[in-house]
Amino acid sequence: MTGQLTEPAPTTTDPRGRRVPRLVVGGRDVTMAAAFITLIAVLVLVAALTADTFLTPTNLTNLLKQMVTTGLLSFGMLVVILTGGIDLSVGSIVAFSGIVTAGLVSGLPIPVAMAVGVVSGIGFGLVNGALIARFELAPFVVTLAALTTIRGLAFVYSEVPIAPEDPGFFTLGSATLGPVPVSTLIMLAVFLVGGVFLTRTPPGRSIVAIGGNAETVRLAGINVRRHVVLAYTISGACAGLAGVVLASRVGIAQPSVGVAFELDAIAACVIGGASLAGGRGSVRATFGGVLVLVLINNLLNLYGVQSFWQQVLKGLIIIAVILVQRTNRVRS
Amino acid sequence: MTLELRGVRKDYGGVEVLHGVDLVGRPGEVLAVVGANGAGKSTLIKILSGAQSMSAGEMRIDGEAAEFRSPHDAHARGIRTVYQELSIVPGLSVTENLLMGNFPKRRGLIDWAAAHARARELLESIGFGAIDPRTLAGRLSVARQQMVEIAKALVSEPRVLVLDEPSAVLAGSDLESLFALVRRLRERGVLVIYVSHRLAEVMELATSIVVVKDGRVIATTEPARTSESELIGLMAGRRLEQIYPDRRAEPGEVRLSVHGLTRRGEFEDVSFALRAGEIVGLFGLVGSGRSELARCVFGAEPATSGQVKVAGGDVRFRAPSDAIAAGLALVTEDRKRTGLVGGMSVLDNIGLTTMYGMRRGPLIDAARRRERVGEMIDRLSIQPAHCASMRVVNLSGGNQQKAVLAKWLLAEPRVLILDEPTRGVDMSTRIAIYRMIDDLARDGLAVLLISSDLTEVLGATDRILVMNQGRVTGELRSDRTTEDEILAHAIGQAA
């Protein structure tokens, strides 16, 4: 035979030893990316065909605004998960930063009040990270304690919701640039900068490497503790920002807001293929995870599905997605 | 039990790694399988153990066709495999590890006295009576853990025992116990399949030797009809005149000196100096404190007392980063746990030590990094040549080791500490590593080569420090000493 006419289709072996076909474009394995895009496209298509309100400008703008909170929290969560940790405190930080900002608006210029909200998130993240890195405490336990402590602090600050009257307070959450909400652009910017941070800067690569093998990283002369603190600080900052944006969008800050937000953030990372053991996860796929979650929520809302059933369905969908991923994972 | 493989092929995603292997093992034989890394030994073991299925070919047990779909099937047919990687549970006692799920019971509850007695009996029957069954497995030395691992495989009295590099972490009397055990199993009619890089022990133990190269069996022979050098030649596919380069060192100024360094419970009052252009061996049996010493000198663990001096000045390394800044590099003994980040690319791994120094603004200077890493891949001939974006775990063992070396050489150290750099590495990679160490020393590096391989420590160094129970008990010139003399110091019986 002079030339090979057929190339064997690229395959990998799944954990049970079965062949799984791969989609390879330009030498890169894009199977999961293709699966994601298909899933999102199907969700959008189903939504557009079955719910006539889906494609209305109001709903689409809503959708873009709704994804901001989950998006910001998910990026911060991804950074922490990459180190092999977890941050359960982000939902409480959302409530705290929101209520503090709303409370300060009457006395301080709005940008300053908002900055304080974000800085409070940074502060909480710093404390989480310091406890975890310095005293080698389990991230789950430290951030669980932080979850209840910070929630308590939010109620201590104000037991009742605070609704600032200054219309300037609503700008951040409601302004649009053309058809796109400014808050959505901010979130996209976080994902873009975050993607560059994790793939192309020394601290970003160190964070990924620490989740893979912290001792190797330490022996390579990199300060592991400092990078772990950085990861939790980033997560805290994202949560602080999310709290400010959410309060501004809704127009009212409640100390009870954000319960279980951390679970959606974790879900988005996991749907995006991040490993809770650390060292594996991608910014792009996490963004895909956010899209999937938000689309599902929106769709179920449009159908008027009762919220309890929404929770059930969301849980089942998460299981389905990670099962697909497991079948797709290359055995090394 | 007679085990037979015929025309066994295995491919991974279209790439064939075994091209029709034939193998016959009979009861009471010790069948040694030798070959370079990447020759296909690991795949062969995985097929025997049921961890992987073959793509073509057949397996026959006592003449009957057999097919393994999982390790469980292999166990059911009496085939047990002990891998290099330990699988014991460190938080459980030796007894629990051995009897796992098969405890003697009394009134429905576990009868612990009987369980420990049974574990003790089992350990004694295979000559490992030195291990106390009540100890937590994780408290044992790596060598003893390896022995528990072997004992665990023997609980079910297998008829075929596959040992993958069983001696890699053993030395001294532990090694003797292993050899005695293999001989005893042979007498009992067990077929032992023994995979090892250490040709000396293969020559001593095997009844037949199978040489694997590039996914094929290229020779089947017996110890009486071959020699170590012939085996090396077969494995590498060429004659190798000399394993160790000729050393004629002209040591320069002192690069690193250690004075009375002590870390309580690990080593005491250790002093030595390393000069530019010199390769110093550090020999000691498992548990002698050599790796702990290296980690402490490198700043990975704090010292209780003593000093480390670099180029004359006093230094205190509070973290490895301080040691690296002073020109030190440490290639650790366990590349999986402390040398590599398995999930990351070869590029990320080799670039790890130099990442912060190779910046353009806040970003890593990707072009420069790619170029420097590429040079290292070339220089150490890491295979495959275009591996930069591959995940490092997908390299073969020898090439992973080269990647760890590359990571440290990129940092341009002046003092290189190598802890067991050739453990689990095939002969041709070994030779490449010895050549490289020699070249580095000629360029003026000071090298400390920690090893538990007597031949290596004798052949590849200029001077040898011997450790026993945390103390340096001897300092010998490599060209004027013998293996016996080194060993005598290592077990504290030097005249």
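Residues numbered from 1 in each chain as written. Chains lettered and ligands numbered in written order. Predicted model: local features only at pLDDT ≥ 70, side-chain atom pairs only at ≥ 80, totals over all residues. Heavy atoms only, no water.

### Remarks on the overall build of chain A
Move 1: Summing up its helical and strand segments, chain A has 12 helices and 6 strands in all.
Move 2: Relative to its 332 residues, chain A shows a buried fraction of 48%.
Move 3: Long-range contacts, defined as pairs at least 24 residues apart, comprise 77% of the intrachain contacts of chain A with a sequence gap of at least 6. (Helix = DSSP H or I, 4+ residues; strand = E, 2+ residues; numbered from the N terminus. Buried < 20%, exposed > 50% of the residue type's maximum accessible area, 1.4 Å probe, protein only. Contact = heavy atoms within 4.5 Å.)

### Some thoughts on the packing of helix α2 (residues 57-82) of chain A against helix α10 (residues 261-271) of chain A
Any two packed helices are characterised by how steeply their axes cross, that is the angle between the axes, and by the distance between the axes.
All names here are of chain A.
Move 1: Taken N-terminus to C-terminus, the directions of α2 and α10 make an angle of 65°; their axes are 8 Å apart at the nearest point. By the angle between their directions, the pair α2 and α10 is classed as roughly perpendicular. Between α2 and α10 the crossing geometry is right-handed. Here Thr69, Thr70, Leu73, Ser74, Met77, Leu78 and Ile81 of α2 come into contact with α10, specifically with Phe261, Glu262, Asp264, Ala265, Ile266, Ala268 and Cys269.
Move 2: Tallied by class, the residues present in the contact of α2 with α10 amount to 9 nonpolar, 3 polar and 2 charged. (Axes fitted to C-alpha atoms, helices over the stretch in contact; angles between N-to-C directions. Parallel < 35°, antiparallel > 145°, perpendicular 65-115°, else oblique. Left-handed = near helix turned anticlockwise from the far one by under 90°. Nonpolar A, V, L, I, M, F, W, Y, C, P; charged D, E, K, R; others polar.)

### Re α2(A)
Structural remark: α-helix, 3.6 residues per turn; residues separated by three or four positions point the same way.
Residue and element names in this part refer to chain A.
Move 1: Taking 1.5 Å of rise per residue, 26 residues should cover 38 Å, and α2 covers 36 Å from first to last C-alpha, within 8% of that figure.
Move 2: If you look at α2, its biggest bend is around 30°, right at Val68.
Move 3: Counting buried residues along α2, 19 of its 26 residues qualify, which places the element largely inside the surrounding structure.
Move 4: Looking one or two residues past α2, Gly84 carries a phi angle of roughly 95°, positive in sign. (Expected span 1.5 Å × (residues − 1). Bend = angle between axes of the 7 residues up to and from the residue.)

### Describing the packing of helix α4 (residues 110-134) of chain A against helix α9 (residues 224-250) of chain A
Residues and elements named next belong to chain A.
Move 1: Interhelical geometry of α4 versus α9 gives an angle of 150° and a closest axis separation of 6 Å. Between α4 and α9, the angle falls in the class roughly antiparallel. Where α4 crosses over α9, the two elements pack in a sense that is right-handed.
Move 2: Partitioned by chemical class, the residues of the contact of α4 with α9 number 13 nonpolar, 9 polar and 2 charged.

### Concerning the sheet that holds strand β18 (residues 328-331) of chain B
Residue and element names in this part refer to chain B.
Move 1: Sheet architecture is open: 6 strands sit in the order β18-β21-β22-β15-β23-β24, paired in mixed fashion. At either margin of the open sheet sits one strand with a lone partner, and together these are β18 and β24 (471-477). The sheet shows a mean angle of 20° between the axes of neighbouring strands, taken without regard to direction.
Move 2: In this sheet, strand β21 (residues 415-419) lies alongside β18 in parallel orientation, the contact comprising 4 bridges. The partner of Leu330 across the bridge, within β21, is Ile417.
Move 3: This element, helix α14 (residues 397-409), spans β18 and β21 of the sheet and lies at about 170° to β18.
Move 4: In this fold helix α15 (residues 427-442) packs onto β15 (279-284), β21 and β22 (446-451), with an angle of close to 130° to the strand it touches most, β15. (Pairing = 2+ DSSP bridges.)

### Observations regarding the nonpolar core
Side chains of a nonpolar character, in soluble globular proteins, are inclined to be buried together.
Move 1: By size, the foremost hydrophobic cluster in this structure holds 91 residues, and its most contacted members are Phe75(A), Leu198(A), Val217(A) and Leu352(B).
Move 2: It is α9(A) that contributes the most residues to this core, 13 residues altogether.
Move 3: Residues Val310(B), Ile324(B), Leu418(B) and Met467(B) belong to the second largest nonpolar core, which totals 68 residues. (Core = buried A, V, L, I, M, F, W, Y, C linked by side-chain atoms within 4.5 Å.)

### Brief notes about the domain arrangement of chain B
All names here are of chain B.
Move 1: Each assigned domain of chain B is listed here: domain 1 (3-236) and domain 2 (254-490).
Move 2: Averaged C-alpha coordinates put domain 1 and domain 2 at centres separated by 31 Å.
Move 3: At the junction of the two partners, domain 1 supplies 12 residues and domain 2 supplies 11 residues.
Move 4: Taken together, the two surfaces of domain 1 and domain 2 that pack against each other cover about 1,100 Å², and 64% of this comes from carbon and sulfur. (Domains from an automatic or database assignment. Buried area = accessible area lost by both parts, 1.4 Å probe.)

### Topic: the interface of chain B and chain A
Move 1: Contacts between the two partners involve 33 residues from chain B and, on the opposite side, 24 residues from chain A.
Move 2: In this assembly, chain B packs against chain A so that about 2,200 Å² is buried in total across both faces, 59% of it on carbon and sulfur atoms.
Move 3: Taken together, the connections running from chain B to chain A amount to 2 salt bridges.
Move 4: Note that Asp348(B) and Arg205(A) form a salt bridge whose closest N and O atoms lie 2.5 Å from each other.
Move 5: Between chain B and chain A we count 11 residue pairs in polar contact (both at pLDDT 80 or more) in total.
Move 6: Among the elements of the structure, α10 (320-325), α11 (335-339), β20 (363-364) and α14 of chain B are those that each provide at least two residues to the side of chain B that touches chain A.
Move 7: For the side of chain B that touches chain A, the element with the highest residue contribution is α11(B), accounting for 4 residues.
Move 8: Broken down by class, the residue content of the side of chain B that touches chain A amounts to 16 nonpolar, 8 polar and 9 charged. (Salt bridge = Lys/Arg side-chain N within 4 Å of Asp/Glu carboxyl O. Polar contact = N/O pair within 3.5 Å; in protein donor to acceptor, adjacent residues only side chain to side chain.)

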